[in-house]
Amino acid sequence: MLHYAKIWLASARYSITRTLMFRGDFFVWSLVELFWMSVNLFTISVIYDHTDSIAGWSKYQMVLLVGTSLLIQRFLMGFFWSSIFEMGRNIRSGNFDFYLAQPGNVMFMATTRKLDPDSLVNSVLAAAVVIYAARQLGLDPGVGQIALYGFMVICGVVIHYSILVLSISVAFWLTSAQGIEGTYFTLMEFSRLPRKAFTGLATQTLFVWLLPVVVVTNAPARLLIEGFDFRLAAWLFAAAVGWLAVAVFVFHRGLRNYTSASS
Amino acid sequence: MFAPLNKYRQAFLVGLQSNLVYRVNFAVRGFFSLFHLAAVVILWSAAFAGRSDLGGFTLNQTITYFVTLLILQFFISAFNEDYQISEDIRNGLINQFLLKPINYFAYRFSIFVAARLVTGMLVILPLLIALPVLAQYLAFPRDFTVLLLGLPAMAMSAMIQFSIAYCFGMLTFWFLEIQGFVILSMALETVLGGQMFPLDLLPAWAYSVAKCLPFYYQMYFPAAIFTGRLTDTAAIFQGYLIQACWVGVLLWINHLLWTRGLRRHTAVGG
């Protein structure tokens, strides 16, 4: 464990040094993240100009939900996205060989090598959106509630990480994951919707339970709005463990298919 | 007379072949876009609950708008053309075009048309599969003139889409990394192109401002014509005019960036 912590810290140090070398790049990317967060919040604002409620959620409850989704997404982008995005291209080009020669588990090495400090900076803004929405709703959560909220957000990051690794692992079979990794963002759209909006049996089963991207954000947001729900927290933890196990399994099965440079 | 165009026909055919190689990827992408449609249906159905219209349009008209947007995206959007151009410049692949009687813009545009033809056809398949479910939400105008009015707007939208991507690709002459600019612009295009919500839901003043920007003509304008959100013929012809002006402006910027960029370009090796 300590060995992996050391490797991760070395990677983090490298990423931060690199960011300090390309300060302009860091500024542009921070702006990119900020713009995309604003796009989501602006969309809510426009829709709520024409309606008072979406599936029983008021405007600021919705902002809280979207803020939670953005927080999870920023952590995912900050800690894993660059590495996982490159993974698809490396599999295609054969540069993935590099990770096979690294002193650690291939999946860990390939998915944690790069940090994106710009996303991590914006996670502060996403947290600010959550705090602002909570204030507007007159919520006053206790320390335990905030701690459980944090735990649920971590579970959410693990679930999204697993789904992302799974979708990129397709490249082991298709050679090119070009365009496929982007489709992952489609799933993020569901995480910004209230669970009660899923009225059909098929959509509930698929998006709420089979792909738990809706619960991942709704559960922590509801925790702040309605109070403790340990059953939901336990379910989220079990889902995180389950999805991670599937991702590890599929990644390693895919790795057997890896044939180095393909073109 | 058409002999000089033959080389672009060949580029188009090569583009067709190379894009067909990745047909599975595009098909998967098309399939995943159904998830986006599902999210749209769920969100807007919840927003419309208990009301017959929102901003003067029904739920079915709104869903039809998003379905049309999806089809347009696969037929006219620039997917990764900016990156391809950027790679050509960065890796020195454009050197060969400097020595041959080939216009780089026309070459790239031929490949873009081929690529969109492939992706456009491939998105039809998942949409046909989803049709039994989607059909209840579709409310296309029965008047076929919208098709005639929408096609020129769609063609010019494709030009705007490609020209913007080409501009970003050209930035590689000045910047090593353009990805940040591209995604920054994508955020603007997504909102002001009407991909998050129909632009007519914006407050009147914001809608008037949006109509002056090129993003409005990238996606919203043809989609609004095809779906009957924009029916006033005078307004449509006025839109054509502004759209044509943006095409002209963007082509001029493309040319300027190419000529200025080449002055900075250093060709190394053979």
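Computed from a prediction, not measured in an experiment: that's the story for all the values here.

### Comments concerning the overall build of chain A
Part 1 of the argument: A count of helical and extended segments in chain A gives 12 helices and zero strands.
Part 2 of the argument: Going from the N terminus to the C terminus, chain A shows its helices and strands as α-α-α-α-α-α-α-α-α-α-α-α.
Part 3 of the argument: Against the globule reference of 18 Å for 263 residues, chain A gives a C-alpha radius of gyration of 19 Å, in line with a compact fold.
Part 4 of the argument: When its C-alpha atoms are laid out on the principal axes, chain A stretches across 55 × 45 × 35 Å.
Part 5 of the argument: Expressed as a percentage of its 263 residues, the buried residues of chain A come to 52%.
Part 6 of the argument: Long-range contacts, defined as pairs at least 24 residues apart, comprise 80% of the intrachain contacts of chain A with a sequence gap of at least 6.
Part 7 of the argument: Carbon and sulfur atoms make up 66% of the accessible area of chain A, which totals about 11800 Å².
Part 8 of the argument: Averaging the locations of the 18 positively and 13 negatively charged side chains of chain A gives two centres separated by 7 Å.

### Some remarks on the side chain of Thr62 of chain B
Part 1 of the argument: Along the chain, the position of Thr62 of chain B falls in helix 3 (residues 59–76).
Part 2 of the argument: Sequence-distant contacts of Thr62 of chain B, defined by excluding residues within four places in its chain, comprise Trp44, Phe48, Phe57, Pro198 and Arg229 of chain B.

### Comments concerning the interface of chain B and chain A
Part 1 of the argument: Taken residue by residue, the interface counts 34 residues in chain B and 40 residues in chain A.
Part 2 of the argument: For the pair chain B and chain A, the summed buried area comes to about 3300 Å², and 75% of that belongs to carbon and sulfur atoms.
Part 3 of the argument: In this structure, the connection of chain B to chain A is made through zero salt bridges.
Part 4 of the argument: There are four residue pairs in polar contact (both at pLDDT 80 or more) connecting chain B and chain A.
Part 5 of the argument: Sorting the residues of the side of chain B that touches chain A by element identifies helix 2 (23–48) and helix 8 (179–192) of chain B as the ones contributing at least two each.

### Let's talk about the packing of helix 7 (residues 143–169) of chain A against helix 11 (residues 213–226) of chain A
Residues and elements named next belong to chain A.
Part 1 of the argument: One way to put it is that helix 7 packs onto helix 11 with a least axis distance of 9 Å and a crossing angle of 170 degrees. Comparing their axes, helix 11 and helix 7 come out roughly antiparallel. Contacts between helix 7 and helix 11 involve Gln145, Leu148, Tyr149, Met152, Gly156, Ile159, His160 and Ile163 from the former and Val213, Val216, Ala219, Pro220, Ala221, Leu223 and Leu224 from the latter.
Part 2 of the argument: Its residues placed into classes, the contact of helix 7 with helix 11 shows 12 nonpolar, three polar and no charged.

### What about the nonpolar core?
Part 1 of the argument: Core analysis: the largest hydrophobic core is formed by 162 residues, its most contacted members being Phe96, Phe190 and Phe251 of chain A together with Trp44, Met170 and Phe221 of chain B.
Part 2 of the argument: Phe251 of chain A has contacts with Met87, Phe96, Val106, Met107, Val165, Ser169 and Phe172 of chain A, leaving out every residue within four places of it along the chain.
Part 3 of the argument: Counting five residues, the second largest nonpolar core, distinct from the first, contains Val28 and Trp29 of chain A together with Ile183 and Leu184 of chain B.

### A few points about the packing of aromatic side chains
Part 1 of the argument: Overall, the coordinates contain 44 aromatic pairs over all chains when judged by the stated rule.
Part 2 of the argument: With a centroid separation of 5.9 Å and an interplanar angle of 75 degrees, the aromatic rings of Tyr60 of chain A and Tyr132 of chain A are classed as edge-to-face. Taken as a pair, Tyr60 of chain A in helix 3 (residues 59–93) and Tyr132 of chain A in helix 6 (residues 117–136) lie far apart in primary sequence, 72 residues in all.
Part 3 of the argument: Looking at Tyr60 of chain A, the relative accessible area reads 25%, which means it is partly exposed.
Part 4 of the argument: Note on Phe96 of chain A and Tyr99 of chain A: the rings are 5.5 Å apart at their centroids and 40 degrees apart in plane angle, and the pair reads as tilted.
Part 5 of the argument: What links up through ring pairs into an aromatic cluster is the set Phe97, Tyr104, Phe105, Tyr107, Phe109, Phe112, Phe162, Tyr166, Phe173, Trp174 and Trp258 of chain B.

### Overview of the confidence of the model for chain A
Interpretation of this model should avoid reading the predicted coordinates in detail wherever pLDDT is low.
Part 1 of the argument: For chain A, per-residue confidence averages 86 on the pLDDT scale, and residues scoring 70 or more make up 95% of the total.
Part 2 of the argument: Ranking the elements of chain A by mean pLDDT puts helix 9 (residues 180–191) of chain A last, at 73, and helix 7 of chain A first, at 91.

### Considerations on the pattern of salt bridges
Part 1 of the argument: The full count for this structure, using the stated rule, is seven salt bridges over all chains.
Part 2 of the argument: For Glu226 of chain A, the salt bridge identified is with Arg222 of chain A, shortest N-O distance 3.4 Å. Of this pair, Glu226 of chain A and Arg222 of chain A are both found in helix 11, four residues apart, which corresponds to roughly one turn of the helix.
Part 3 of the argument: For Asp88 of chain B, the salt bridge goes to Arg108 of chain B, with nearest N and O atoms at 2.8 Å. With a gap of 20 residues between them, Asp88 of chain B in helix 4 (residues 81–90) and Arg108 of chain B in helix 6 (residues 104–134) connect regions that are remote in the sequence. Each member of the pair Asp88 of chain B and Arg108 of chain B is classed as buried.

### Observations concerning the packing of helix 3 of chain A against helix 11 of chain A
All names here are of chain A.
Part 1 of the argument: Their axes nearest at 9 Å, the elements helix 3 and helix 11 cross at an angle of 130 degrees. Comparing the axis directions of helix 3 and helix 11 gives the class oblique. Classified by chirality, the crossing of helix 11 by helix 3 is right-handed. Touching Gln61, Leu64, Leu65, Thr68, Ser69 and Ile72 of helix 3 are Val216, Thr217, Asn218, Pro220, Ala221, Leu224 and Ile225, all from helix 11.
Part 2 of the argument: Tallied by class, residues from the contact of helix 3 with helix 11 come to eight nonpolar, five polar and no charged.

Reading guide: rules and limits
- Residues numbered from 1 in each chain as written.
- Chains lettered and ligands numbered in written order.
- Predicted model: local features only at pLDDT ≥ 70, side-chain atom pairs only at ≥ 80, totals over all residues.
- Heavy atoms only, no water.
- Helix = DSSP H or I, 4+ residues; strand = E, 2+ residues; numbered from the N terminus.
- Rg over C-alpha atoms; globule rule 2.2 N^0.38 Å.
- Buried < 20%, exposed > 50% of the residue type's maximum accessible area, 1.4 Å probe, protein only.
- Contact = heavy atoms within 4.5 Å.
- Areas by Shrake-Rupley, 256 points an atom, 1.4 Å probe, with all protein chains shown as cover.
- Lys, Arg positive; Asp, Glu negative; His and termini not counted.
- Charge placed at Lys NZ, Arg CZ, Asp CG, Glu CD.
- Buried area = accessible area lost by both parts, 1.4 Å probe.
- Salt bridge = Lys/Arg side-chain N within 4 Å of Asp/Glu carboxyl O.
- Polar contact = N/O pair within 3.5 Å; in protein donor to acceptor, adjacent residues only side chain to side chain.
- Axes fitted to C-alpha atoms, helices over the stretch in contact; angles between N-to-C directions.
- Parallel < 35°, antiparallel > 145°, perpendicular 65-115°, else oblique.
- Nonpolar A, V, L, I, M, F, W, Y, C, P; charged D, E, K, R; others polar.
- Core = buried A, V, L, I, M, F, W, Y, C linked by side-chain atoms within 4.5 Å.
- Phe/Tyr/Trp six-rings, centres within 6.5 Å; stacked < 30°, edge-to-face > 60°.
- pLDDT = per-residue confidence, 0-100.
- Left-handed = near helix turned anticlockwise from the far one by under 90°.

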